[in-house]
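# Inside the fold
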Amino acid sequence: MTYDDIPHLSAKIKPKQQKVELEMAIDTMNPNYCRSKGEQIALNVDGTCTDDTSTYSTKLMDKQTFCSSQTTSNTSRYAAALYRKGELHLTPLHGILQLRPSFSYLDKADAKHREREAANEAGDSSQDEAEEDVKQITVRFSRPESEQARQRRVQSYEFLQKKHAEEPWVHLHYYGLRDSRSEHERQYLLCQGPGISENTELIKSPSEYLMMLMPPNIEEEKEKPMAPSNVLSMAQLRTLPLADQIKILMKNVKVMPFANLMSLLGLGTDSTSVLRCIQQVAMLVQGNWVVKSDILYPKDSSSPHSGVPAEVLCRGRDFVMWKFTQSRWVVRKEVATVTKLCAEDVKDFLEHMAVVRINKGWEFLLPYDEDFIKKHPDVVQRQHMLWMGIQAKLEKVYSLLKETVPKTAEGQSVPVMLVSGDQRVQAAKAKAQQNHLLLERELQWKKEQLQAMQASSGMRIKEEPVSEEEEEEEEEQGDKEEEPMDTSTCGSLRNKLANGLPAGRAVGGDTLNGHPPAGCGEAPMARELRAFVEATFQRQFVLTLSELKRLFNMHLASLPPGHTLFSGISDRMLQDTVLAAGCKQILVPFPPQTAASPDEQKVFALWESGDMSDQHRQVLLEIFSKNYRVRRNLIQTRLNQECGEDLSKQEVDKVLKDCCVSYGGMWYLKGTVQS
């Protein structure tokens, strides 16, 4: 049946809403029409009475209403096509509406049913109650509506629905398919030009023409999310860059071995590129990769349990990760006591990377991955340096005591096990042999530098044999935390160059017997180390040994695998290089009850940098060589006396900013203040 065969059909439109409603008659005489069902629907909708408001005047469902809905917001990719006489005529579309059956009559039937039920209940209550009680009525006067209340009312859903309902319908007249007016409108779908040859836009290649016909949908591409938040599609994931793939996988999985990560990324993925990307979003714990805290808790976010900011959450989770680098077991109460976080936050941290064991605590989720440790020692060494920097921060924030936990050479904690007395003796011997090898390597390095110095300066230094007692004494001194004074020829020579002579001449390359002192700068490792020290002290004039080691570990983490500095730099070598670079050690008189570690009590300062403030800084450093903390007025008075002129406030501020920090109204050298 076509529209022309329908007895009557009416249409109406709301132009502002672009809403069309089409009312079409139903053939009630058709054998497929169920008359009893139609009568029941009409009775439910209109009831027994018939008036002008009735939906079905014939007491029979004899019509169906269709309402339009917008199918898409972007219609630039669609066109109406008409094929005639071997030609395809395309007309662009500016709007597409889809007609769907409207069931508003069911809502009307429900309303009628509720009205009948309410009327029945009211009738029953009036029969039961002979006399209604007198009730007190409270009269209230409405307040004038404020501007904010009016705006909220105008933007509400009920108001918008009411406005839409108030828009009047515009009735339309429907013309059938074979009507002359329909044929006239259909002619507008045909191109009226004289010929295709004159249309220059169509003289293009097939690919260009298809691009014009179906341009890429930029709007839909912008609206597509980068990846699902809770459901991860591997097909969509592999269309992203490698770094984004790894970040999304680690954010969802939290803990993963490297072998599993490579299997998820698919065949042909370069393992070197994966290693480079994984270190940006994860940290190595027991040979496995654990997602970084700042990935899970980005800036400006907070805890859903306690409202704690992301910075505190990251610090607490880093503490849990660091504890798992020391042992396979962690106790939740200990973590909560140290971090001062609520139990729910601590439980979230542990559930990311561990599983609870009854009467034991939380065990790390994955077994120790020895294969990865053996295959990638450079990555393990770099991660170890990063963990040392994190450990230094955690010790300062949480006031932790330095724990002596046995570790492997790669910086990861050994699996927890029972150790017998014989095994401890064997472990002590192995450690002594390892320390002996390190001392021999350092001694060999010094000998090579002495030989290079002799070759360049013409000096001959007699080498006396080292006795076994001296070797044992040097070995014991190397195991101590407080390192002894360097008595080697090269070390004393560097100290003389840095501290015995003017520092500016030492930095500029002072000569010895007419030749430059090449003993400390010829080796590539020493040259790289000295370049790092000089660049660091040019940025920060005063540094403690602890802070310098932290900066050096961060520098190592940024270097490529296999760099010469990964061969091993001892604290002695680092201090000698600092002194050789024109710095001096400032013997700050710390108070007896200080909590500063020995490395924090070793303070080094750049003596001369070549600018106009060198003399002012030297006077300031001499003040702090006799005082742990000083007031500003004393510093300014001493500077005026030594320089012979009154310094301006800007000059004093510059010197203090370069070397000192203020705390509680007193000034301290950088790194020496103990809060």
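All values derive from a computational prediction rather than experimental measurement. (Residues numbered from 1 in each chain as written. Predicted model: local features only at pLDDT ≥ 70, side-chain atom pairs only at ≥ 80, totals over all residues. Heavy atoms only, no water.)

Glancing now at a nonpolar patch on the surface. A cluster of nonpolar side chains, namely Y83, L88, L90, Y209, L210, L213 and M214, defines an oily patch on the protein surface of about 690 Å² accessible area. Considering every element that reaches the nonpolar patch, the biggest residue donor is helix α6 (residues 206-213), with 3 residues. (Patch = residues over 30% accessible without salt bridge, like charges linked within 9 Å, V, L, I, M, F, W, Y side chains within 5 Å. Areas by Shrake-Rupley, 256 points an atom, 1.4 Å probe, with all protein chains shown as cover. Salt bridge = Lys/Arg side-chain N within 4 Å of Asp/Glu carboxyl O. Helix = DSSP H or I, 4+ residues; strand = E, 2+ residues; numbered from the N terminus.)

This part covers helix α10 (residues 258-265). Because an α-helix packs 3.6 residues into every turn, residues spaced three or four apart end up facing the same way. All of the buried residues in α10 are F258, L261, M262 and L265. Buried positions in α10, seen along its axis, are confined to an arc of 100° and lie on one side of it. More than 90 degrees from the buried face of α10, the exposed residues found are A259 and S263. Check the buried side of α10 and you find it contacts α9 (242-253), β8 (255-256), α11 (271-281), β10 (288-291) and α16 (370-375). Count one or two residues on from α10 and you reach G266, which has phi positive near 95°. (Buried < 20%, exposed > 50% of the residue type's maximum accessible area, 1.4 Å probe, protein only. Arc of directions from axis to C-beta. Contact = heavy atoms within 4.5 Å.)

Attention now goes to the packing of helix α13 (residues 310-326) against helix α15 (residues 343-353). Following both chains from N to C, one finds α13 and α15 inclined at 45°, their axes separated by 10 Å at the closest point. Taken together, α13 and α15 sit at an angle that is classed as oblique. Helix-helix and strand crossings are classified by hand; for α13 and α15 the assignment is right-handed. The segment α13 lies against α15, with L313, G316, R317, V320, M321 and F324 engaging D345, F349, L350, H352 and M353. Taken together, the residues of the contact of α13 with α15 sort by class into 7 nonpolar, 2 polar and 2 charged. (Axes fitted to C-alpha atoms, helices over the stretch in contact; angles between N-to-C directions. Parallel < 35°, antiparallel > 145°, perpendicular 65-115°, else oblique. Left-handed = near helix turned anticlockwise from the far one by under 90°. Nonpolar A, V, L, I, M, F, W, Y, C, P; charged D, E, K, R; others polar.)

Moving on to the nonpolar core. Within soluble globular proteins, side chains that are nonpolar generally end up buried alongside one another. Ranked by internal contacts, the top residues of the largest apolar core, which has 56 residues, are I246, M250, I278, W289 and F324. Ranked by residue count, the leading element in this core is α13, at 8 residues. Within the second largest apolar cluster, 54 residues are counted, among which are L559, L579, V588 and A596. (Core = buried A, V, L, I, M, F, W, Y, C linked by side-chain atoms within 4.5 Å.)

Taken in spatial order, the 3 strands line up as β11-β13-β12 in an open sheet, and their pairing is antiparallel. With one partner strand each, in any of the chains shown, β11 (329-330) and β12 (354-357) form the two edges of the open sheet. Across 4 bridges, β12 lies against strand β13 (residues 361-364) in antiparallel orientation. Paired with R357 across the two strands is G361, which belongs to β13. (Pairing = 2+ DSSP bridges.)

Per-residue pLDDT for the chain averages 75, and the proportion of residues at 70 or more is 76%. In the model, residues 403-419 has pLDDT below 50 throughout and makes 33 contacts with residues more than four positions away in sequence or in other chains. (pLDDT = per-residue confidence, 0-100.)

Another point: helix α14 (residues 332-339). Of the positions making up α14, those classed as buried are V335, V338 and T339. Buried residues of α14, seen end-on, are gathered within an arc of 85° and therefore sit on one face of the element. Pointing more than 90 degrees away from the buried face of α14 are the exposed residues K333 and T337. Of the surrounding elements, those touching the buried residues of α14 are α13, β11, α15 and α17 (377-398).

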